[in-house]
Amino acid sequence: MSLQIVNGTPTLVGSVGINAQTGTTYTFVAADSFNTVVTLSNASAIAVTIPTNATTAFPVGTVLNFAQVGAGQVTVSGASGVTVVSVGATAASPKTRVQYSAGSAVQTSANNWLVFGDVV
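This report concerns the structure included in the present document. (Residues numbered from 1 in each chain as written. Predicted model: local features only at pLDDT ≥ 70, side-chain atom pairs only at ≥ 80, totals over all residues. Heavy atoms only, no water.)

**Section: the overall build of the chain**
This is how the line gets drawn: Numbering goes from the N terminus for both helices and strands, where a helix is a DSSP run of H or I of at least four residues and a strand is a run of E of at least two. Using a 1.4 Å probe on the protein chains alone, a residue whose accessible area is under 20% of its type maximum counts as buried, one over 50% counts as exposed, and one in between counts as partly exposed. In this analysis, two residues are considered to be in contact whenever any of their non-hydrogen atoms come within 4.5 Å of each other. Here, Shrake-Rupley sampling with a 1.4 Å probe gives the accessible areas, and only protein chains in the shown set may cover a residue.
In terms of helices and strands, the chain carries 0 helices and 11 strands. Helices and strands in the chain line up, N terminus first, as β-β-β-β-β-β-β-β-β-β-β. Across the 120 residues of the chain, 33% fall into the buried class. Within the chain, counting contacts between residues at least 6 apart in sequence, those at least 24 apart form 55% of the total. Accessible surface for the chain amounts to roughly 6,200 Å². Of this, 59% is attributable to carbon and sulfur atoms.

Okay, here's the thing in structure tokens:
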């Protein structure tokens, strides 16, 4: 990424990295928080875990992006001690809605995450 002037306005320009995952489980890592989308592709359901702050010290405000690119629905949960909130009946373990759904998790305070996007 670089800061460039576009039509007189400072603008971040660049591309995002892709972290392609094909298993049925994945735990976010520090590298996922820097302009990255974790793509998740499997025919079976996929469990994605947000680790504790003691395991991976994400700064408050970190954004983790994810997308379901396979048929298997993605469920996002926190490791023991991590609180995940979202909309809907499964607020503590949001799931992608359908194939090609995407979402983001934002750390609002240590061990507290808000998940939003095309999730149920």
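**Notes on the pattern of salt bridges**
Condition: By convention in these notes, a salt bridge is any Lys or Arg side-chain nitrogen within 4 Å of a carboxyl oxygen on Asp or Glu.
Counted by the stated rule, this structure contains 1 salt bridge. Of the charged contacts in the structure, one is a salt bridge between R97 and D118, with a shortest N-O distance of 2.7 Å. Taken as a pair, R97 in the loop between β9 (83-85) and β10 (102-109) and D118 in the segment after β11 (112-117) lie far apart in primary sequence, 21 residues in all. Owing to a relative accessible area of 25%, D118 belongs among the partly exposed residues under this scheme.

**Thoughts on the environment of G61**
Note on placement: G61 falls in the loop between β6 (46-50) and β7 (63-68). Sequence-wise, G61 and W113 are 52 residues apart; in three dimensions their C-alpha atoms are separated by 9.4 Å.

**Some points on the packing of aromatic side chains**
What counts, and what does not: Classification of ring pairs uses Phe, Tyr and Trp, with its six-membered ring standing for Trp, and accepts pairs whose centres are within 6.5 Å; under 30 degrees between planes counts as stacked, over 60 as edge-to-face, and the remaining range as tilted.
All told, the structure shown has 2 aromatic pairs when counted by the stated rule. Geometrically, the ring pair formed by Y26 and F28 is edge-to-face, given 6.0 Å between the ring centres and 85° between the ring planes. Here Y26 and F28 have matching classes, each one buried.

**A closer look at the sheet that holds β10**
Going by this rule: Strands are labelled as partners when DSSP assigns at least two bridges between them. Lines are fitted to the C-alpha atoms to define the axes, a helix being fitted only along its stretch in contact, and any angle between axes, read from their N-to-C directions, falls within 0 to 180 degrees.
The 6 strands lie next to each other as β3-β5-β7-β10-β11-β9, forming an open sheet whose pairing is mixed. This sheet does not close on itself; its edge strands, each paired only once, are β3 (17-21) and β9. Direction aside, the axes of adjacent strands within the sheet are offset by 25° on average. Two strands pair when backbone bridges link them, and β9 and β11 are joined in this way by 3 bridges, in the parallel orientation. Note on β11: the bridge partner recorded for V85 is L114.

**Observations concerning the nonpolar core**
What counts is decided by this rule: What we call a nonpolar core is a set of buried Ala, Val, Leu, Ile, Met, Phe, Trp, Tyr and Cys residues that are connected through their side-chain atoms within 4.5 Å.
Grouped together as the largest cluster of nonpolar side chains are 18 residues, with contacts concentrated most on F28, L40 and I50. Of all the secondary-structure elements, those providing two or more residues to this core are β5 (36-40), β6, β7, β8 (74-78) and β11. It is β6 that provides the largest number of residues to this core, a total of 3 residues. Not counting chain neighbours up to four residues away, the residues in contact with L40 comprise Q21, Y26, I46, V48, F66, A67, Q68, V69, G70 and V74.

**Examining the sheet that holds β8**
Read from one edge to the other, the open sheet built from 3 strands follows the order β4-β6-β8, with strand pairing classed as parallel. Each having just a single partner strand, β4 (25-27) and β8 make up the two edges of the open sheet. Strand-to-strand twist across the sheet, computed as the mean angle between neighbouring axes with direction ignored, equals 20°.

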